[in-house]
Amino acid sequence: MVFVGSDGQLIVPTAVKIVIAGGFGTGKTTMVASVSEIPPLRTEELLTEAGVHVDDLAGIEGKDTTTVALDFGRITINTKVVLYLFGTPGQNRFWFMWDELATGAIGAVVLVDTRRLDSSFPSIDFFEHRAIPFIVAVNCFDGSQLYTVDEVRHALDLDEAIPVVLCDARDRESSKTVLVELIQHSMNRLAAV
Amino acid sequence: MTSREDWWYDEAAGPLVRPYAMVRGRTRPNAPDLHLVTQVRASAFASDQTSLTVEHREIMALCARPLSIAEVAAYLDVPLIVVKVLLSDLIERGDVLVQNSSPKVPDRNLLQAVLDGVRGI
Ligand SMILES: Nc1nc2c(ncn2[C@@H]2O[C@H](COP(=O)(O)OP(=O)(O)OP(=O)(O)O)[C@@H](O)[C@H]2O)c(=O)[nH]1
Ligand SMILES: [Mg+2]
């Protein structure tokens, strides 16, 4: 791949991101892995015990710190654009991390497991309140598709405008379709304002 | 590449001392606008690297192609904050180029490019 522009300057690409959210164990990392061009990477952010972002290393040696891990993958769109997919951290106490992830994002996929619908409520609330475009993807664990799309929509009390799709997070084509659905939804939202 | 344990844990001094030592007492990045997906890459006109630490040089090698801050941190296996401090040094020296914009929601053309790209994978 060539990263030199027509003027001979090195190109620093534009980065965009999509957030893969949802409750504990709903298949977030699995979805990132199925579409990423690289094996998912993991990076860690330093936190104080109270769950506050450490943005200053001063005095860190004496403090109790913990880390929050983020899984992410990458899709190189072309030489000028790269897409990152971030799985949200499992524990809900790291909301500030969600803010950083959501800022400037194309939107979010909220994965749900119909056996534990309620575990994805906080994710839906988060994106609804911040007016960030999102779609709901029902991860069909072992064909355990117990409900129809309409039943899921109703159970989650979702607005008609929010797309709900079925998927298998392990399957690349299926996950690709979910991403396409989200990007189209974001474009529609953009057109609507 | 150095293993996580080497970076992160010091047998005698305990955890967290190594990364602190690595940034040599500097506690926060002097380039403030570094986000998870901010793209960085080594300049084609990088200065003499002999005065750089091993960690800085590892970053320079990684950034021979454009990468996000998150990728640099993941490949080096150090916390994001530490990579941000180290990258700030290199940006200040002009050895690393940075995409200088904070994350903003993509416009329609960019979304269309991403849509086409994802369809094509
Ligand atoms: N049968 C089946 N198993 C799946 C599917 N998606 C994920 N799994 C499995 O479910 C488990 C949890 O998946 P993960 O991708 O780790 O879920 P996660 O949302 O990243 O989990 P946390 O980060 O811990 O919240 C793993 O053992 C996966 O292999 C699916 O579509 N079908
Ligand atoms: Mg996970």
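Residues numbered from 1 in each chain as written. Chains lettered and ligands numbered in written order. Predicted model: local features only at pLDDT ≥ 70, side-chain atom pairs only at ≥ 80, totals over all residues. Heavy atoms only, no water.

Right, let's get into the packing of helix H3 (residues 54–62) of chain B against helix H4 (residues 69–76) of chain B. All names here are of chain B. The interhelical angle for the contact between H3 and H4, taken along N-to-C directions, is 125 degrees, at an axis separation of 11 Å. Regarding the angle of H3 to H4, the classification is oblique. The way H3 lies across H4 gives a crossing that is right-handed. Contact residues: H3 offers Glu58, Ile59 and Leu62, while H4 offers Val72, Tyr75 and Leu76. (Axes fitted to C-alpha atoms, helices over the stretch in contact; angles between N-to-C directions. Helix = DSSP H or I, 4+ residues; strand = E, 2+ residues; numbered from the N terminus. Parallel < 35°, antiparallel > 145°, perpendicular 65-115°, else oblique. Left-handed = near helix turned anticlockwise from the far one by under 90°. Contact = heavy atoms within 4.5 Å.)

We now examine the site of ligand 1. Residues and elements named next belong to chain A. In the vicinity of ligand 1 there are 13 residues, among which Gly25, Lys28, Thr29, Thr30 and Asn139 approach most closely. Between ligand 1 and asparagine 139 there is a distance of 2.8 Å, counted from an oxygen atom to a side-chain nitrogen or oxygen. A distance of 3.2 Å separates a nitrogen atom of ligand 1 from a polar atom in the side chain of arginine 170. If you tally residues by element for the shell around ligand 1, the top one is helix H1 (residues 28–35), at 3 residues. Within the shell around ligand 1, the residues separate by chemical class into 3 nonpolar, 6 polar and 4 charged. (Near = heavy atom within 4 Å. Polar contact = N/O pair within 3.5 Å; in protein donor to acceptor, adjacent residues only side chain to side chain. Nonpolar A, V, L, I, M, F, W, Y, C, P; charged D, E, K, R; others polar.)

Core analysis: the biggest nonpolar cluster contains 63 residues, and A:Phe86, A:Phe127, A:Phe134, A:Val136, B:Leu36 and B:Val72 have the highest contact counts within it. Element by element, the count of residues in this core is highest for helix H5 (residues 80–92) of chain B, at 8 residues. Filtering out sequence-adjacent residues up to four positions away, A:Phe127 remains in contact with A:Val19, A:Ala21, A:Trp98, A:Ala102, A:Ala108, A:Val110, A:Ile132 and A:Phe134. Membership of the second largest hydrophobic core comes to 30 residues, among which are A:Val16, A:Val32, A:Ile106 and A:Ile135. (Core = buried A, V, L, I, M, F, W, Y, C linked by side-chain atoms within 4.5 Å. Buried < 20%, exposed > 50% of the residue type's maximum accessible area, 1.4 Å probe, protein only.)

Of all residues in chain B, 76% attain a pLDDT of 70 or more, and the chain-wide mean is 81. Both scores are available for the predicted complex, with the pTM at 0.88 and the ipTM at 0.88. (pLDDT = per-residue confidence, 0-100.)

Take the interface of chain B and chain A next. Counting from both sides, the interface comprises 50 residues of chain B and, opposite them, 54 residues of chain A. Together chain B and chain A conceal approximately 4,500 Å² of surface at their shared face, both sides included; 70% is due to carbon and sulfur atoms. Linking chain B with chain A are 1 salt bridge, by the criterion used here. Residue B:Glu71 pairs with A:Arg74 through a salt bridge whose shortest N-O separation is 3.2 Å. Joining chain B to chain A, the criterion identifies 10 residue pairs in polar contact (both at pLDDT 80 or more). Counting residues per element, the ones that place at least two in the side of chain B that touches chain A are helix H1 (4–8), helix H2 (17–22), strand E3 (39–42), strand E4 (67–68), H4, H5, strand E5 (96–98) and helix H6 (108–120) of chain B. Here the side of chain B that touches chain A takes 10 residues from H6(B), the largest share from any one element. Looking at the side of chain B that touches chain A residue by residue, the class counts come to 33 nonpolar, 8 polar and 9 charged. (Buried area = accessible area lost by both parts, 1.4 Å probe. Salt bridge = Lys/Arg side-chain N within 4 Å of Asp/Glu carboxyl O.)

All names here are of chain A. Restricting attention to buried positions, one finds in helix H3 (residues 121–129) the residues Ser123, Ile124, Phe126 and Phe127. Within H3, the buried residues cover an arc of 160 degrees as seen down the axis, which keeps them to one side. Considering only its buried residues, H3 is in contact with strand E1 (14–22), helix H2 (95–102), strand E5 (107–112) and strand E6 (134–139). Alanine 131 sits one or two positions beyond H3 and adopts a positive phi of about 55 degrees. (Arc of directions from axis to C-beta.)

The next subject is the side chain of A:Ser174. All names here are of chain A. Among the structural elements, serine 174 can be located in helix H5 (residues 172–192). According to the relative accessible area criterion, serine 174 is buried, its value standing at 16%. A polar atom in the side chain of serine 174 sits 2.9 Å from the backbone nitrogen of aspartate 168. Not counting chain neighbours up to four residues away, the residues in contact with serine 174 comprise Cys167 and Asp168.

Here we take up the environment of A:Pro13. Relative to the assigned elements, A:Pro13 resides in the segment before E1. Owing to a relative accessible area of 5%, A:Pro13 belongs among the buried residues under this scheme. Each C-alpha atom, one on A:Pro13 and one on A:Thr66, is 32 Å from the other, the two residues being 53 residues apart in sequence. Residues contacting A:Pro13, with those up to four places away along its chain left out, are A:Thr79, A:Lys80, A:Val81, A:Val82, B:Gln39, B:Pro66 and B:Gln99.

All right, on to the environment of A:Lys80 then. All names here are of chain A. Mapped onto the elements, lysine 80 comes out in the loop between strand E3 (65–78) and strand E4 (81–87). Under the relative-accessibility criterion, lysine 80 is labelled exposed at 53%. The residues touching lysine 80, leaving out its near neighbours within four places in the chain, are Ile11, Pro13 and Thr14.

Residue and element names in this part refer to chain B. Taken in spatial order, the 3 strands line up as E4-E3-E5 in an open sheet, and their pairing is antiparallel. Single-partner strands in this sheet number two, and they are E4 and E5. As paired elements, E3 and E5 share 3 bridges and run antiparallel to each other. Across the sheet, the residue bridging to alanine 42 is valine 96, located in E5. (Pairing = 2+ DSSP bridges.)

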